[in-house]
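Below are the chains, spelled out letter by letter.
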There are 2 protein chains.
Amino acid sequence: ASKKIHAAPPLVLCGGFVMLIVLGMLLLKLPFASTQSIGWMQSLFTATSAVTVTGLVVVDTGSAFTLFGQLVIAILIQLGGLGLMTFAVVTLLALGGKIGFLQQTIAKEAFNQTDTSTLVSTAKSVLWFSLIVESIGMLILTLYWSAELGWKTSLLHGFFYTISAFNNAGFALSPDSLMPYVADPVINLTITALFITGGLGFSVWMELWRKRCWNKLSLYSRLMLTGTLLINVIALLAIYWIEYDNPATLGALSSCGKWLAAWFQAVTPRTAGFNTLAIHQLEDATTALTLLLMFIGGGSLSTASGIKVVTFMVLVLATYSFLRRDGAVTAFGRTIPTGTVQKALALTVISVGVTWISIFLLLITEQAAFIDVVFEAVSALGTVGLSRGLTASLSPAGELIIIILMFMGRLGPLTLAYFLASPRSRTIAYPESRLAVG
Amino acid sequence: ASKKIHAAPPLVLCGGFVMLIVLGMLLLKLPFASTQSIGWMQSLFTATSAVTVTGLVVVDTGSAFTLFGQLVIAILIQLGGLGLMTFAVVTLLALGGKIGFLQQTIAKEAFNQTDTSTLVSTAKSVLWFSLIVESIGMLILTLYWSAELGWKTSLLHGFFYTISAFNNAGFALSPDSLMPYVADPVINLTITALFITGGLGFSVWMELWRKRCWNKLSLYSRLMLTGTLLINVIALLAIYWIEYDNPATLGALSSCGKWLAAWFQAVTPRTAGFNTLAIHQLEDATTALTLLLMFIGGGSLSTASGIKVVTFMVLVLATYSFLRRDGAVTAFGRTIPTGTVQKALALTVISVGVTWISIFLLLITEQAAFIDVVFEAVSALGTVGLSRGLTASLSPAGELIIIILMFMGRLGPLTLAYFLASPRSRTIAYPESRLAVG
Ligand SMILES: [K+]
Ligand SMILES: [K+]
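Computed from a prediction, not measured in an experiment: that's the story for all the values here.

**Q** Sorry if this is basic, but what is going on with the coordination of the potassium ion (ligand 1) here?
**A** Reference values for coordination geometry: four tetrahedral donors around a metal ideally subtend 109.5 degrees, six octahedral donors ideally subtend 90 or 180 degrees. All names here are of chain A. Note on the potassium ion (ligand 1): its protein donors are V53 (O), T54 (O), N168 (O), A169 (O), T271 (O), A272 (O), T383 (O) and V384 (O). The metal-donor distances range over 2.5 to 3.2 Å. Counting along the primary sequence, the residues that act as donors to the potassium ion (ligand 1) give the motif V-T-x113-N-A-x101-T-A-x110-T-V. Here T271 lies in the loop between α12 (255-267) and α13 (284-296) and A169 lies in the loop between α8 (151-166) and α9 (185-200), a separation of 102 residues in the sequence.

Now the structure itself:
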């Protein structure tokens, strides 16, 4: 006896995020949530940044918010990161109601999954998986930090950083993020393991768990795993090489510290957003690489955003197959449908378009260097949260633009584009016409 | 009895350009070509910039080269702009030989034309059209400049600027380009008319001449004309609005001068490359707009480069049709074939990839601001020739990167990509596989 939801899935997803953001804004505006006076705009910005798991901040999370405020932020991150839909499905299940067709459609959209029969078990697996990974992460971090910070603080830090890392949120409790731990192997490896695990996407982990054999994996998982490996290795080597002599970044570190810091900086842009190096002191070439990594992002159905690794892979494969004059786009002995290529194209065009327009507007509203503005916009749309320092000095108009970008980035360009164009069923087939491009 | 050419069209096109550049480099290195000592690199850079109709310069064309040197540059521009193939076809014809199948294939590639029967008449029309338009332009400019410069100089200027404008080369005889004429209606309108005419592409003009009716025009011409109109009007209004109060650009001009200067700055990035305003003093928002315009470029089979207006339109239409959930990409009652959409995608991915890699490399080789490097790379690949001032201070490695970019930009990314991947004929059809993107 479930109530019918008459709204379309993207509308529900969008509405859910808006409600969560508004709720978060109100909670963070409570007098006992902050240690200082927080404006409505700052509160809205923080709530949006948390729900969209971005991590851009206009006030320092560690000093401006009380324990209550920090817990609100952690919960917003967890709800936003895991996805409202996981919770919706599980809640409906917990309430004993059967989930109706429309809810199934919504959940299908949310999970990128077509098989409705496995939907509920999928949602459960997602929750269990998150719980287990986060428990392990929290245990390691709390134990490690207890010597340095004492049990009480280390418990809070372990809890907060685990949620922030696994959900690729990048919120930190100090303004310099994880810079004090730049050469610390435990923090580096635990935090990166958490956000890579979350950013790879649940479907890949589930498949790995069930099939345990490369050849049995789906095309999606194989593309995702090879893409992630390739991108991470290339980024690691490039950053290690470029920053090796930079006294403000790797220059001062030990040999082992150099590799750890380069590794962290290679993987954090997609789309964790913590930093162990001073972002504004990276070489410009590293910044250009970071921009690309932030734009690509992580996995579909994950806690990461961006155009997604597999979208990027499809673009590259489609280009390659065109050059080879293949009739079809193929990978690992499978053909990628034309519709998928078109979807990847549409998504990328919209992402580039939104990024360009927001950069254009920010260059008008802000008095800042071009590179800082470009970095901020790409970081917001990719819900990355890295910044060259512009966030705190944004004008109100600029803050609004970044809020909209974070929101669009987390919902995904296609969900938002849903509102821009309504589908029509074509009845007339137009004749094909040859056309010169390029 | 024509000799067989066994090389593939892209190879011939590429080889022709290389030969022309080497010839130009040698001619410009002759002692009586320059008024000062010109190095091999400077000579190569200038020849490449001329043949690829880019207009980026490492030495001032007006003062560093003699009349002979300037004439060599003008001829390189004319040959590079009109296309080697026009000349090849016409030369073969003039020699009385019948053009063989392979030459036809080459010319087809060069003209983007499929009907081989009209090929020779097309090549003739191109030449006549260029001759007539350039004669008119030269007449106007020479007459206008004669009062100011005297007959001898005005004849040289009329000749040089007409060729440079019609071929979208952007070479000027003074280091400040056309800045002294920022509010001059005759120079503004003549020069923009010349480069817009050249940049629209011959096929559009021929169709307009023959059909004289909008509804009879091909899909290509309609997309090209509407796209050009839309882009130019939007750019004009945006630049007028953004720069209105900028004392270094429009601020000091009269009302009429403001419109003329905004118009010039709106149309020159696609891909003429003259400037009447100081490029490095434009607002950052105008710079962002200019970057986009430079990337888009002009028409196919024209003297302009870039990804081309119709490629851009196809990307936008494909995205729109995906959002509308149309089965096909349509425009003006015609369906755009899937292969064309895939070609547009491949071309754009390659262009973005090449641009990104060159920016990355330039950021390593050059000590320059991020925005200057981005601008220089996009300008070179689009063979635009606008610069924020980096060209003259490039390192040898940077000069080489820009030379390669100009060359790739003029040949077109697809021609060069031809060398990267050889075609194969697929015999195995792989099964389709669903794939999540975004
Ligand atoms: K993030
Ligand atoms: K040019």
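There's plenty left to go through after this.
**Q** Looking at this model, I keep getting lost on the coordination of the potassium ion (ligand 2). Mind explaining?
**A** Residue and element names in this part refer to chain B. Protein ligation of the potassium ion (ligand 2) involves V53 (O), T54 (O), N168 (O), A169 (O), T271 (O), A272 (O), T383 (O) and V384 (O), the donor distances falling in the range 2.5 to 3.2 Å. Of note, the potassium ion (ligand 2) draws all its donor residues from one chain, in the sequence arrangement V-T-x113-N-A-x101-T-A-x110-T-V. Placement of the pair is T54 in the loop between α2 (40-51) and α3 (61-64) and V384 in the loop between α16 (370-381) and α17 (396-411), with a sequence separation of 330 residues. Across this residue pair, the class does not change: T54 and V384 are buried.

**Q** Explanation requested: a nonpolar patch on the surface in the structure shown.
**A** All names here are of chain B. Side chains of W128, L131, I132, I136, I140, Y144 and V186 sit close together on the surface and give an oily, nonpolar patch of about 650 Å² of accessible area. For the nonpolar patch, the leading source of residues is helix α7 (residues 119-149), giving six residues. Residue position: L131 is located in helix α7.

**Q** Explain the pattern of salt bridges to me, please; I cannot follow it from the model alone.
**A** If the charged atoms of two oppositely charged side chains come close together, the side chains can form a pair. Residues and elements named next belong to chain A. The final tally for this structure, using the stated rule, is four salt bridges over all chains. Among the ionic pairs, D372 bridges to R388, the shortest N-O distance being 2.6 Å. Taken as a pair, D372 in helix α16 (residues 370-381) and R388 in the loop between α16 and α17 (396-411) lie far apart in primary sequence, 16 residues in all. In this pair, the class of D372 matches that of R388, namely buried.

**Q** Explain the environment of F45 of chain B to me, please; I cannot follow it from the model alone.
**A** Residues and elements named next belong to chain B. Secondary-structure assignment places F45 in helix α2. Counting along the chain gives eleven residues from F45 to L56, while the straight-line C-alpha distance between them is 8.5 Å. Leave out the neighbours within four places in its chain, and F45 touches L56, V57, V58, T391, L394, E399, I402, I403 and M406.

**Q** Help me understand the packing of aromatic side chains in this model?
**A** Two descriptors summarise a pair of aromatic rings, namely the distance from one centre to the other and the angle between the planes of the rings. Residues and elements named next belong to chain A. Using the criterion set out here, one finds 25 aromatic pairs over all chains in the structure. For the pair Y240 and Y244, a centre-to-centre distance of 5.5 Å together with 70° between the ring planes defines the contact as edge-to-face. Exposure remark for Y244: the relative accessible area of 38% places this residue in the partly exposed category. Members of the aromatic cluster, joined through ring pairs, are W145, F160, Y161, Y181 and F274. In this structure, K29 packs its charged tip against the face of W40, placed 5.0 Å from the ring centre. In this structure, K258 packs its charged tip against the face of Y244, placed 4.7 Å from the ring centre.

**Q** Mind showing me how you'd approach unusual backbone geometry here?
**A** Leaving glycine out, the prevailing phi sign among residues is negative, and the prevailing peptide bond configuration is trans. All names here are of chain A. At the junction of R270 and T271, the peptide bond is cis and its omega measures out at -20° in the coordinates. Although it is not a glycine, V53 sits at a positive phi angle of roughly 45°. Summarising the element assignment, V53 is placed in the loop between α2 (40-51) and α3 (61-64). Look at K308: it is not a glycine, yet its phi comes out positive at around 90°.

Definitions and cut-offs
- Sequence order sets the numbering: in each chain, residues are counted from 1 along the sequence as written.
- Chains and ligands are labelled by the order in which they are written, letters from A for the one and numbers from 1 for the other.
- Totals for whole chains, interfaces and linings use every residue, but because this is a predicted model, local features are given only for residues with pLDDT of at least 70 and side-chain atom pairs only at 80 or more, for both listing and counting.
- Excluding hydrogens and water, the side-chain values take into account all heavy atoms of the structure.
- Think of the donor list as every N, O and S atom within 2.8 Å of the metal, or within 3.2 Å for Na, K and Ca; water never makes the list, so a site can look incomplete.
- Secondary structure is summarised from DSSP: a helix means a run of H or I of at least four residues, a strand means a run of E of at least two, and numbering begins at the N terminus for each.
- For each residue, the accessible area found with a 1.4 Å probe, counting protein chains only, is set against the maximum for its type, and the residue is called buried under 20%, exposed over 50%, and partly exposed in between.
- Grouping into patches uses exposed residues only, defined as over 30% relative accessible area, and leaves out salt-bridged ones; the cut-off is 9 Å for like charges and 5 Å for nonpolar side chains (Val, Leu, Ile, Met, Phe, Trp, Tyr).
- Method for areas: the Shrake-Rupley scheme with a 1.4 Å probe, in which residue coverage is limited to the protein chains shown.
- A pair is scored as a salt bridge if a Lys or Arg side-chain nitrogen falls within 4 Å of a carboxyl oxygen belonging to Asp or Glu.
- We call two residues in contact whenever any of their non-hydrogen atoms come within 4.5 Å of each other.
- When the centres of two rings from Phe, Tyr and Trp lie within 6.5 Å, Trp using its six-membered ring, the rings pair. Their planes under 30 degrees apart give stacked, over 60 give edge-to-face, and anything left gives tilted.
- Two conditions define a charge sitting above a ring: the NZ of Lys or the CZ of Arg must be within 6 Å of the ring centre, and it must be within 35 degrees of the ring normal.

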